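In case you want the letters, here they are:
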Amino acid sequence: MSTPTDLVGPGVRQRAGSSTRTRLTLRTIALVYLGLLVVGPVALMTYSAFADGLRPVIETLTDRAFLHALKLTLIILAIAVPLNTIFGIACAIVVVRQDFRGKRVIDSMLALPLGVSPVVVGLALILVYGARNGWVGPWFMEHGYRIIFSTPAMVLATIFVTLPFVAREVIPVLREIGTDQEQAASILGASPWQTFWMITLPAIRTGVAFGVVLTAARALGEYGAVAVVSGKLAGRTETLTLHVEERWLAFDPVAAYTTSLVLAAMAIAILVIMRRLTPKEH
Amino acid sequence: MGITVSRVSKRFADFVALDDVSVDVPDGSLTALLGPSGSGKSTLLRIIAGLETPDRGSVVISGRDVTGLAPQQRDVGFVFQHYAAFKHMTVRDNVGFGLRIRKMPKTEIRKRVDDLLALVQLDGFADRYPDQLSGGQRQRMALARALAVEPRVLLLDEPFGALDARVREELRDWLRRLHQQVHVTTVLVTHDQEEAMEVASRIVVMNHAQVVQIGTPAEIYDQPASDFVMGFVGRVNRLPGAYIRPHEVRICEPGEPGCAEAEVERFLAFGPEIRVELRLRENGQRLWAQLSATEQGMPDLTEGMVVGVDLSRARRVDEPAAAGGAR
């Protein structure tokens, strides 16, 4: 009679014999893939930005339109990221810790921004907030607030497309840590608020940090939705990402490359900061 | 004083977890809630702690009706099966958590935590993180954390269930000694009858959402209120329509009046215990007898030998225990 060990034996041996080759092949594929798609283009872009020396780069970095785009991008980040972080954590807690009818609806709504094309998001926002024909837009206009073709719409569009990232990252972590720690804290006298700050938040911080990185990266790079609602007015409603396109279309490749590098540097900076803020598990 | 649970019922959707349960836990006692999984024992403990709300009934702790109170206001300590250690805090911060919440001065917290760590034999581990501790150490930390706030009652939910057999045994002894030192009213939930017998001074046996017997370990063992209790607590031979404990089976001469004939199938002797596995000749029924090695007048038993067995101490199914002649 053959035992289970007999049945798997040869296969296991075979795998062990070719494991070095398999490992090397996998590693090569990964490196070539990354090289062709990430390292190569970024290196080439860096090279092209500095091809004519430092002066054009400095000119780009001190250009009024560039500085305005940088400022606008930072403003959008500063509003969208904290809001979506708070909303994302709250949403995750509701979805994981509470039980009620309609919970599934929230769950699927959280996936919606991932599935809808950003251009559609932009059009939908115009439909609602458009100054002339929008649903609530005219009311805002009467009270002196322009939403579409202005900063508020760009912030709204960014919030919409980056809505799910924190919640999606936090939900599985929250499920995994379970409720024991929170219950232990409340029995020890902690209020729900204290339990959240002292127990829940530290336990989910890695998920939150990763969600924040994704949110910020998407907010930096969002093109479609923001482009539709911004009107793309250089020096007024242009984010860095829109600025890249505008400079490129204006036959100013060095400015386009330089701005791209700034975007990449910001993304890396956010990644590094979040790494720093979340110490390794013990 | 102690804990009084009166007529508590609780259902989860279609599942009845507790059905009109009343239990008294005397002040300062160590009481075990014993029952198979799904019997409602954990739900009862969680209702006492305030982690679940009963559909009906009331909970009184130390003379105070806590039925409507949140867990924070109940003054209880709770130890979870899987430790519920605060993973991002050191052992010191874990144990001091409740004291920090109560805004005790730092120097006092430090002193109290040191005392508690000594009590649970974790001195020297204060600056470690929970995942640098073994399971047994983590559970002792959880106990220190629960005791730190000087709760009126200590509630333990299968506290040793996730530990391996040897550590479990050590912790049982240790818990019993700790209880003698601290004297806090303690309720321990367990499905392990041996654990309940060894640790608790009182046992509440539960089955199917109800309390089936309350008594001292000896009462539960010697006078089980039903055949469920008899089968659940202690080892038992099941005969057609009757039960008998292995130590109540008496070996006699074949043909002796009142004795049935049986064949010795296996004979195991080690330590103070002799285990004889038998098969009744009349119906092929298998059972085993537990004999003491020092027992007098034991015939020399060998496998295949025919002996007499006296089953007169067997209890019929559903017959109250006292009639079985125990004691």
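Residues numbered from 1 in each chain as written. Chains lettered and ligands numbered in written order. Predicted model: local features only at pLDDT ≥ 70, side-chain atom pairs only at ≥ 80, totals over all residues. Heavy atoms only, no water.

## Some points on the overall build of chain A
Step number 1: If you tally the helices and strands in chain A, you get 15 helices and zero strands.
Step number 2: Against the compact-globule benchmark of 19 Å for 282 residues, chain A has a radius of gyration of 24 Å, which places it well outside the compact range.
Step number 3: Counting only C-alpha atoms, chain A reaches 80 × 55 × 35 Å along its principal axes.
Step number 4: Counting only contacts in chain A whose residues sit at least 6 apart along the sequence, the fraction spanning at least 24 positions is 71%.
Step number 5: When the accessible surface of chain A is summed, it comes to about 16,600 Å², and 68% of that surface belongs to carbon and sulfur atoms.
Step number 6: In chain A, which carries 24 positive and 17 negative side-chain charges, the distance between the mean positions of the two groups comes to 4 Å. (Helix = DSSP H or I, 4+ residues; strand = E, 2+ residues; numbered from the N terminus. Rg over C-alpha atoms; globule rule 2.2 N^0.38 Å. Contact = heavy atoms within 4.5 Å. Areas by Shrake-Rupley, 256 points an atom, 1.4 Å probe, with all protein chains shown as cover. Lys, Arg positive; Asp, Glu negative; His and termini not counted. Charge placed at Lys NZ, Arg CZ, Asp CG, Glu CD.)

## Things to note about the sheet that holds strand E5 (residues 64-65) of chain B
Residues and elements named next belong to chain B.
Step number 1: As summarised here, the arrangement of the four strands in space is E2-E1-E4-E5, forming an open sheet in which the pairing is antiparallel. Both outer strands of the open sheet, strand E2 (15-25) and E5, are each paired with one neighbouring strand and no more.
Step number 2: Bridge count between strand E1 (residues 3-12) and E2: seven bridges; the pairing is antiparallel. By the bridge assignment for E2, Arg11 is matched with Val16. (Pairing = 2+ DSSP bridges.)

## Observations concerning the interface of chain A and chain B
Step number 1: Contacts between chain A and chain B engage 18 residues on the former and 26 residues on the latter.
Step number 2: Taken together, both faces of the contact between chain A and chain B bury some 1,900 Å²; the carbon and sulfur share is 64%.
Step number 3: If you look at where chain A meets chain B, you find zero salt bridges.
Step number 4: Across the contact surface, chain A and chain B share five residue pairs in polar contact (both at pLDDT 80 or more).
Step number 5: It is helix H11 (residues 180-187) of chain A that contributes the most residues to the side of chain A that touches chain B, seven residues altogether.
Step number 6: Tallied by class, residues from the side of chain A that touches chain B come to nine nonpolar, seven polar and two charged. (Buried area = accessible area lost by both parts, 1.4 Å probe. Salt bridge = Lys/Arg side-chain N within 4 Å of Asp/Glu carboxyl O. Polar contact = N/O pair within 3.5 Å; in protein donor to acceptor, adjacent residues only side chain to side chain. Nonpolar A, V, L, I, M, F, W, Y, C, P; charged D, E, K, R; others polar.)

## Topic: the pattern of salt bridges
Residues and elements named next belong to chain B.
Step number 1: Inspection of the entire model under this criterion finds 29 salt bridges over all chains.
Step number 2: Here Arg172 makes a salt bridge to Glu198, at a shortest N to O gap of 3.3 Å. In this pair, Arg172 sits in helix H5 (residues 165-182) while Glu198 sits in helix H6 (residues 193-199), placing the two residues 26 residues apart along the sequence.
Step number 3: Glu265 is the partner of Arg279 in a salt bridge, and the nearest nitrogen-oxygen pair spans 3.5 Å. Of the two residues, Arg279 sits in strand E15 (residues 273-280) while Glu265 sits in strand E14 (residues 259-270), which places them 14 residues apart along the sequence.
Step number 4: Judged by relative accessible area, which is 28%, Glu265 ranks as partly exposed.
Step number 5: Within the structure, one salt-bridge network assembled from shared partners comprises Arg168, Arg172, Asp192, Glu195 and Glu198. (Buried < 20%, exposed > 50% of the residue type's maximum accessible area, 1.4 Å probe, protein only.)

## Some thoughts on the environment of Thr22(A)
Step number 1: Structurally, the position occupied by Thr22(A) is in helix H2 (residues 19-49).
Step number 2: It is 47 Å that separates the C-alpha atoms of Thr22(A) and Ala184(A), two residues lying 162 residues apart in sequence.

## A closer look at the sheet that holds strand E7 (residues 153-157) of chain B
Residues and elements named next belong to chain B.
Step number 1: In spatial order, the strands read E6-E7-E8-E3-E9-E10; together these six strands make up an open sheet with mixed pairing. The sheet terminates laterally at strand E6 (76-79) and strand E10 (210-215), the two strands that pair on one side only. When the angles between neighbouring strand axes are averaged without regard to direction, this sheet yields 20°.
Step number 2: As judged from the five bridges shared by strand E3 (residues 30-34) and strand E8 (residues 185-190), these two strands associate in the parallel manner. (Axes fitted to C-alpha atoms, helices over the stretch in contact; angles between N-to-C directions.)

## Considering unusual backbone geometry
All names here are of chain B.
Step number 1: The phi dihedral of Ser62 falls on the positive side, at around 50°, and the residue is not glycine.
Step number 2: Along the chain, the position of Ser62 falls in the loop between strand E4 (56-61) and E5.
Step number 3: Judged by its relative accessible area of 18%, Ser62 is buried.

## Structural notes on the domain arrangement of chain A
Interfaces are frequently sized by the accessible area removed from exposure as the parts join.
Residue and element names in this part refer to chain A.
Step number 1: Structurally, chain A comprises domain 1 (4-49) and domain 2 (55-277).
Step number 2: Taking only C-alpha atoms, the centre of domain 1 and the centre of domain 2 are 34 Å apart.
Step number 3: Contact with domain 2 buries surface across domain 1, with Met45, Ser48 and Ala49 losing the most and accounting together for 87% of the total.
Step number 4: For the side of domain 1 that touches domain 2, the class distribution of residues is two nonpolar, two polar and no charged. (Domains from an automatic or database assignment.)

## Overview of the packing of aromatic side chains
Note on aromatic pairs: each is described by the distance of the centres and the angle between the planes.
Residues and elements named next belong to chain A.
Step number 1: Under the criterion given, the structure shown has nine aromatic pairs over all chains.
Step number 2: Ring geometry for Trp193 against Phe196: centres 6.1 Å apart, planes inclined by 25°, an arrangement best described as stacked. Of this pair, Trp193 and Phe196 are both found in helix H12 (residues 192-221), three residues apart, which corresponds to roughly one turn of the helix.
Step number 3: In this structure Trp193 comes out as exposed when scored by relative accessible area, which is 60%.
Step number 4: Residue classification places Phe196 among the buried positions, given a relative accessible area of 16%.
Step number 5: Cluster of aromatic residues (ring-pair linked, three or more members): Tyr129, Trp139 and Phe140. (Phe/Tyr/Trp six-rings, centres within 6.5 Å; stacked < 30°, edge-to-face > 60°.)

## A few points about the pairing of E1(B)
All names here are of chain B.
Step number 1: One ladder, built from five bridges, connects E1 with E4; its direction is antiparallel. In the strand pairing of E4, Thr4 is matched with Val60.
Step number 2: The hairpin turn running from E1 into E2, its antiparallel successor, is two residues long, and Ala13 in that turn takes a positive phi close to 50°.

## Section: the confidence of the model for chain B
Residues and elements named next belong to chain B.
Step number 1: Across chain B, the average pLDDT comes to 89, with 95% of residues at or above 70.
Step number 2: Across residues 321-327 the pLDDT falls below 50, and counting only partners more than four positions away or on other chains, this stretch makes eleven contacts in the model.
Step number 3: Here the predicted complex scores 0.81 on pTM and 0.83 on ipTM. (pLDDT = per-residue confidence, 0-100.)

## Digging into the packing of helix H4 (residues 64-97) of chain A against H12(A)
Think of two packed helices as two axes; the pair is described by the angle between the axes and how far apart they sit.
Residue and element names in this part refer to chain A.
Step number 1: The contact between H4 and H12 brings their axes to 9 Å, and the two run at 140°. It follows that H4 is oblique to H12 by the angle criterion. At the point where H4 passes H12, the crossing takes the right-handed sense. Two secondary-structure elements touch here, H4 through Thr73, Leu77, Val81, Asn84, Thr85, Ile89 and Ile93 and H12 through Phe196, Leu201, Ile204, Val208, Val212, Thr215, Ala216, Ala219 and Leu220.
Step number 2: Taken together, the residues of the contact of H4 with H12 break down into twelve nonpolar, four polar and no charged. (Parallel < 35°, antiparallel > 145°, perpendicular 65-115°, else oblique. Left-handed = near helix turned anticlockwise from the far one by under 90°.)

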